[in-house]
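Below, each chain spelled out in residue letters.
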Amino acid sequence: MPSHLHPVSFPPPDYAALADQIKAWGRELGFQQVGIADIDLAAAERRLAEWLKAGFHGEMAYMERHGRKRSRPAELVPGTLRVISARLDYLPEDRSAMRERLDDPAAAFVSRYALGRDYHKLLRKRLQRLAERIQEKVGPRGHRVFTDSAPVLEKALAEKAGLGWIGKHTNLIDRHAGSFFFLGEIYTDLPLPVDAPVRDHCGSCTACLDVCPTRAIVAPYRLDARRCISYLTIELHGPIPEEFRAALGNRVYGCDDCQLVCPWNRYARLTEETDFLPRHGLNSATLIELFAWDEAAFLRNTEGSAIRRIGHERWLRNIAVALGNARTEPKVVAALRARLEHPSELVREHVAWALARHELV
Ligand code: SF4
């Protein structure tokens with residue numbers, strides 16, 4: 001047998017040293033933090049069941065469909081003993097730029113995570129590299145990498161792994177870095193030592209509950225997604241309920257208000273990833289400019305972006321609402337009128353609503 005076909009034998013790993021090494025490799029690969037958790041998500045499973053029972057997930061039927069696979073990692077990937085969670089910061093510009101955009105009714109506000117390239121590919125590649133390094137050290141072991149790509153309770157797992165606490169707005173917060181970050185996971189069968197969770201530091205603060213334009217945080221730690229602007233502008237397929245349209249303001253894709261107001265985001269650092277920097281002027285475009293994109297321009301300008309998933313029709317739906325909330329000006333009215341005969345009933349109805357706001361229909 002040629003020598004290169006001899007099976008390579010790996011000594012039994014020192015799991016504590018390996019856990020330290022995984023964190024160091026994670027930092028080398030550009031992650032801001034890596035932590036390890038066991039797979040007991042019983043408390044999160046109870047919270048998820050209550051949330052689903054209350055119907056807070058709205059049209060996101062997939063949340064129910066996956067059943068307990070979401071809260072039981074070993075049912076999703078048999079043999080899983082630990083989950084390695086990794087954090088990647090994405091904030092592309094400082095918070096004052098966000099406030100300026102939100103305060104300008106002619107400007108389009110796009111959630112900061114969606115200004116640049118879709119993060120899934122980059123995050124996945126990097127997690128895969130981390131998994132490969134682990135394999136090079138300990139030999140082929142069971143593992144799978146996830147980036148929001150399967151039913152994974154990523155915030156609960158990251159909280160268990162010590163990456164932060166789930167705040168009253170239901171996002172994960174790190175005391176030293178705020179909450180503008182993506183999470184990815186490696187499910188592994190290695191019995192690594194786990195990290196300790198951190199304490200909740202929300203205290204008596206209620207800033208996110210108070211600022212939410214649609215009152216979607218119905219109680220601390222309880223988000224009614226059906227009211228959330230991220231859900232309304234991204235997940236929802238049909239018409240945006242009229243009761244929320246004025247509150248949308250100029251937010252055309254997602255909403256960052258609860259994160260923007262959170263005092264812990266004073267410590268948020270700007271991303272070092274060029275992939276997450278704004279593309280196609282999405283951080284400076286006006287509503288009128290974006291509303292003028294035809295379908296070809298929409299597809300061209302959202303190539304490789306998270307925005308593409310909503311399609312041109314819902315893009316126009318969202319911007320029509322924002323134009324309805326803009327100041328009454330001839331150019332706003334002209335832009336809306338130009339879409340009054342759009343082939344989509346969804347778009348036409350939102351355009352008519354917007355024109356009615358300007359008392360023109
Ligand atoms: S705004 Fe206040 S209550 Fe909300 S998550 Fe941040 S610290 Fe917690």
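Reading guide: rules and limits
Counting starts from 1 at the beginning of each chain's written sequence and moves along it residue by residue. Residue-level local features of this predicted model are given only where pLDDT is at least 70; pairs of side-chain atoms are given and counted only at 80 or more, and the full residue set underlies all totals for whole chains, interfaces and linings. Hydrogens are left out, water is left out, and the side-chain values use all remaining heavy atoms of the structure. For two strands to count as paired, DSSP must find a minimum of two bridges between them. Comment: elements are numbered from the N terminus, with helices defined as DSSP H or I runs of at least four residues and strands as E runs of at least two. Structural elements are reduced to axes, namely lines fitted to C-alpha atoms, with helices fitted over the stretch in contact, and the angle between N-to-C directions of any two is expressed from 0 to 180 degrees. Should a side-chain nitrogen of Lys or Arg be within 4 Å of a carboxyl oxygen of Asp or Glu, the pair is scored as a salt bridge. The classification of residues rests on relative accessible area computed with a 1.4 Å probe and restricted to protein chains. Under 20% of the type maximum is buried, over 50% is exposed, and intermediate values are partly exposed. Residues qualify for a patch when their relative accessible area is over 30% and they have no salt bridge, like charges being joined within 9 Å and the nonpolar side chains of Val, Leu, Ile, Met, Phe, Trp and Tyr within 5 Å. Method for areas: the Shrake-Rupley scheme with a 1.4 Å probe, in which residue coverage is limited to the protein chains shown. Positive charges come from Lys and Arg, negative ones from Asp and Glu, while His and the chain ends are left out of the count. By convention, charge coordinates are those of NZ in Lys, CZ in Arg, CG in Asp, or CD in Glu. Residues are called lining when one of their atoms sits within 4 Å of a cavity or pocket point, these points coming from a 1 Å grid over the protein atoms alone, where a cavity is a set in which a 1.4 Å probe fits but cannot get out and a pocket is an open set with protein on both sides within 12 Å along at least five of seven lines. Grid points are joined across faces, edges and corners, and a volume is the space filled by probe spheres set on the points. For this classification, the nonpolar set comprises Ala, Val, Leu, Ile, Met, Phe, Trp, Tyr, Cys and Pro, the charged set comprises Asp, Glu, Lys and Arg, and every other residue, Gly included, is treated as polar. In this text, near means that some heavy atom of the residue lies within 4 Å of the molecule or strand in question. Think of it this way: a molecule belongs to a cavity or pocket when more than half its atoms come within 2 Å of the grid points there. Pairing of aromatic side chains requires ring centres within 6.5 Å, counting the rings of Phe and Tyr and the six-membered ring of Trp. Pairs whose planes differ by under 30 degrees are stacked, by over 60 edge-to-face, and all others tilted. Criterion for a charge above a ring: Lys NZ or Arg CZ within 6 Å of the ring centre, and within 35 degrees of the ring normal. Contact criterion: two residues are considered in contact whenever any of their non-hydrogen atoms come within 4.5 Å of each other. Polar contacts here mean pairs of N or O atoms no more than 3.5 Å apart (in protein, one a potential hydrogen donor and the other a potential acceptor; neighbouring residues in sequence count only if both atoms are side-chain atoms).

Caption draft 1: Summary view of the sheet that holds strand β1 (residues 33-37). Read from one edge to the other, the open sheet built from 4 strands follows the order β1-β2-β7-β4, with strand pairing classed as antiparallel. Looking at strand neighbours, the two that pair on one side only are β1 and β4 (143-146), the edges of this open sheet. Averaged over neighbouring strand pairs, the angle between their axes works out to 20 degrees when direction is ignored. Note: strand β2 (residues 82-89) against strand β7 (residues 181-188), 8 bridges, orientation antiparallel.

Caption draft 2: Geometry of the pattern of salt bridges. Tallied over the entire structure, the rule returns 15 salt bridges. The salt bridge partner of Asp195 is Lys23, with a shortest N-O separation of 2.8 Å. In this pair, Asp195 is assigned in the loop between β7 and α8 (207-211) and Lys23 in helix α1 (residues 15-28), connecting sequence segments 172 residues apart. We note a salt bridge from Arg133 to Glu28, for which the minimum N-O separation is 2.7 Å. Here Arg133, found in helix α6 (residues 119-138), pairs with Glu28, found in helix α1; they are 105 residues apart in sequence, far enough to count as distant. Under the relative-accessibility criterion, Arg133 is labelled partly exposed at 26%. Three or more residues are tied together by salt bridges with common partners; here these are Glu45, Arg72 and Glu75.

Caption draft 3: Main features of unusual backbone geometry. Phi is positive for Arg215, close to 55 degrees, though the residue is something other than glycine. Here Arg215 shows up in the loop between α8 and β8 (217-219). Despite not being glycine, His280 shows a phi value in the positive range, around 50 degrees. For His280, the position within the fold is in the loop between α11 (257-260) and α12 (287-291). On the accessibility criterion, His280 (41% relative accessible area) is partly exposed.

Caption draft 4: View of a negative patch on the surface. A cluster of acidic residues, Asp94, Glu100, Asp103 and Asp104, forms a negative patch at the surface. One can find Asp103 in helix α5 (residues 95-103). Its relative accessible area of 63% is what places Asp103 among the exposed residues.

Caption draft 5: Representation of empty space enclosed by the protein within the structure. For the structure on display, the rule yields 2 cavities of 30 Å³ or more. Estimates place the volume of the largest cavity at around 100 Å³. Lining the largest cavity are Gly167, Lys168, His169, Ile173, His201, Cys202, Cys205, Thr206, Cys208, Cys262, Pro263 and Trp264. Considered class by class, the residues forming the lining of the largest cavity number 7 nonpolar, 4 polar and 1 charged. Here the second largest cavity defines a volume of roughly 60 Å³. In terms of lining residues, the second largest cavity is bounded by Ala131, Ile134, Gln135, Gly139, Arg141, Gly142, His143, Ile186, Thr188 and Leu190. Those elements giving two or more residues to the lining of the second largest cavity turn out to be α6 and β7. With 3 residues, α6 is the single largest residue contributor to the lining of the second largest cavity. Of the residues assigned to the lining of the second largest cavity, the class counts are 4 nonpolar, 5 polar and 1 charged.

Caption draft 6: View of the site of the ligand. In the vicinity of the ligand, the residues found are Gly167, Lys168, His169, Ile173, Cys202, Cys205, Ala207, Cys208, Cys262, Pro263 and Trp264. The cavity that encloses the ligand is the largest cavity. For the shell around the ligand, the residue count by class is 8 nonpolar, 2 polar and 1 charged.

Caption draft 7: Layout of the packing of aromatic side chains. This model, assessed by the stated rule, comprises 11 aromatic pairs. Judged by centre distance (5.6 Å) and plane angle (85 degrees), the rings of Trp165 and Trp264 are edge-to-face. Taken together, the positions of Trp165 in strand β5 (residues 165-166) and Trp264 in the loop between α11 and α12 put the pair 99 residues apart, joining distant regions of the chain. Through successive ring pairs, a cluster of aromatic residues spans Tyr90, Tyr113, Tyr119, Phe180, Phe182, Tyr253 and Phe276. The ring of Phe181 carries the charged tip of Arg87 above its face, separated from the ring centre by 5.4 Å.

Caption draft 8: Expanded view of the pairing of β2. Within β2, 8 of the 8 residues are buried, leaving the element largely enclosed by the surrounding structure. Neither face of β2 is open: one carries Arg82, Ile84, Ala86 and Leu88, the other Val83, Ser85, Arg87 and Asp89, and all of them are buried. Judged from the 5 bridges that link them, β1 and β2 form a sheet pairing that is antiparallel. Opposite Gln33, over in β2, you have Arg87 as the bridge partner.

Caption draft 9: Here's a closer look at the environment of Tyr119. Along the chain, the position of Tyr119 falls in helix α6. Looking at Tyr119, the relative accessible area reads 9%, which means it is buried. Aside from chain neighbours lying at most four places away, what touches Tyr119 is Asp148, Phe182 and Phe276. Reaching out from Tyr119, the side chain makes a polar contact with the side chain of Asp148 at a distance of 3.2 Å.

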